[in-house]
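Chains, contacts and geometry: an overview
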Amino acid sequence: RNSVIATRAALKLADYVVTEAGFGADLGAEKFFDIKCRKAGLEPAAAVIVATVREPIAVIGQDLSLIECNQAFTDYYGLDRGDLLAESAAWNDAMLLQRLRDVTLTRRELWDYELTQSLDTGVRHVVVSARRMELPDSKDIAILVTVSDITARKQSEAQILELNRQLEGKIE
């Protein structure tokens, strides 16, 4: 009830009102749209969802330079806006770079490209996916790139293969 009163008062004082709906889209947004707005007769003109993503995500340009990236990407690769992927040892894979260029030139998407990267923290196995997108407020083409670290999975698979090999030797 206090939230409705505060929102109505704010609407009388300003052209725009920003309301925080709580944590968790499953509960906070549900309460906001289905209870507060409906009961109060409010009709939001826009909604913003803020989500924390722990995996590296970047938007790169046609020249394969970083336009934008999340903190996880910066922490993982030591790259930031304006840096070229090809100048990073972790991204110096000719096949991957060609596939990323293909994404910019065609409407193809790149799904689950497995790559082994050498980083300062050691060797990492990752899966890279990319899709073409138009940048807002311009006609420029960019690529949304996501990276999933599958190092632990690869290590587990190697251990399982080794155990199976050892078992085969004992059974025969």
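These remarks concern the structure in this document. This is a predicted model, so every value here is computed, not measured.

**Quick look at the overall build of the chain**
- Within the chain one finds 5 helices and 5 strands.
- Ordering the α and β elements of the chain from the N terminus gives α-α-β-β-α-α-β-β-β-α.
- Burial status across the chain gives 28% buried among its 172 residues.
- Sequence separation of 24 or more characterises 37% of the internal contacts of the chain that already satisfy a separation of 6 or more.
- If you sum the accessible surface of the chain, you get close to 12500 Å²; carbon and sulfur atoms cover 52% of it.

**A look at the sheet that holds strand β2 (residues 66–69)**
- If you trace the 5 strands from one edge of the open sheet to the other, you get β2-β1-β5-β4-β3, paired in antiparallel fashion. Two strands lie at the open edges of the sheet, namely β2 and β3 (110–119), each paired on one side alone. Taking the axes of each pair of neighbouring strands and ignoring which way they run, one obtains an average angle of 30° across the sheet.
- One ladder, built from 8 bridges, connects β3 with strand β4 (residues 122–134); its direction is antiparallel. Looking at β4, one finds that L119 is bridged to G122.

**Re unusual backbone geometry**
- Positive phi is not limited to glycine here, since L64 has a value of about 65°.
- Mapped onto the secondary structure, L64 falls in the loop between β1 (57–61) and β2.
- Here L64 falls in the buried class, since its relative accessible area comes to 2%.
- Notably, D112 is not glycine yet its phi reads approximately 55°, a positive angle.

**Brief notes about the nonpolar core**
- By size, the foremost hydrophobic cluster in this structure holds 25 residues, and its most contacted members are I60, F73, Y77, W91, L100 and V145.
- Taken together, the elements giving at least two residues each to this core come down to β1, β2, α3 (71–77), α4 (94–105), β3, β4 and β5 (141–149).
- When sequence neighbours within four positions are dropped, the list of residues in contact with W91 reads F73, Y77, L79, L85, L96, L97, Q117, V128, V145 and V147.

**What about the pairing of β4?**
- With antiparallel pairing between neighbouring strands as the criterion, β3 and β4 make up a hairpin whose turn holds 2 residues.
- When β4 meets β5, the two strands line up antiparallel, connected through 9 bridges. Bridged to R132 within β5 is I143.

Basis of the calculations
Residues numbered from 1 in each chain as written. Predicted model: local features only at pLDDT ≥ 70, side-chain atom pairs only at ≥ 80, totals over all residues. Heavy atoms only, no water. Helix = DSSP H or I, 4+ residues; strand = E, 2+ residues; numbered from the N terminus. Buried < 20%, exposed > 50% of the residue type's maximum accessible area, 1.4 Å probe, protein only. Contact = heavy atoms within 4.5 Å. Areas by Shrake-Rupley, 256 points an atom, 1.4 Å probe, with all protein chains shown as cover. Pairing = 2+ DSSP bridges. Axes fitted to C-alpha atoms, helices over the stretch in contact; angles between N-to-C directions. Core = buried A, V, L, I, M, F, W, Y, C linked by side-chain atoms within 4.5 Å.

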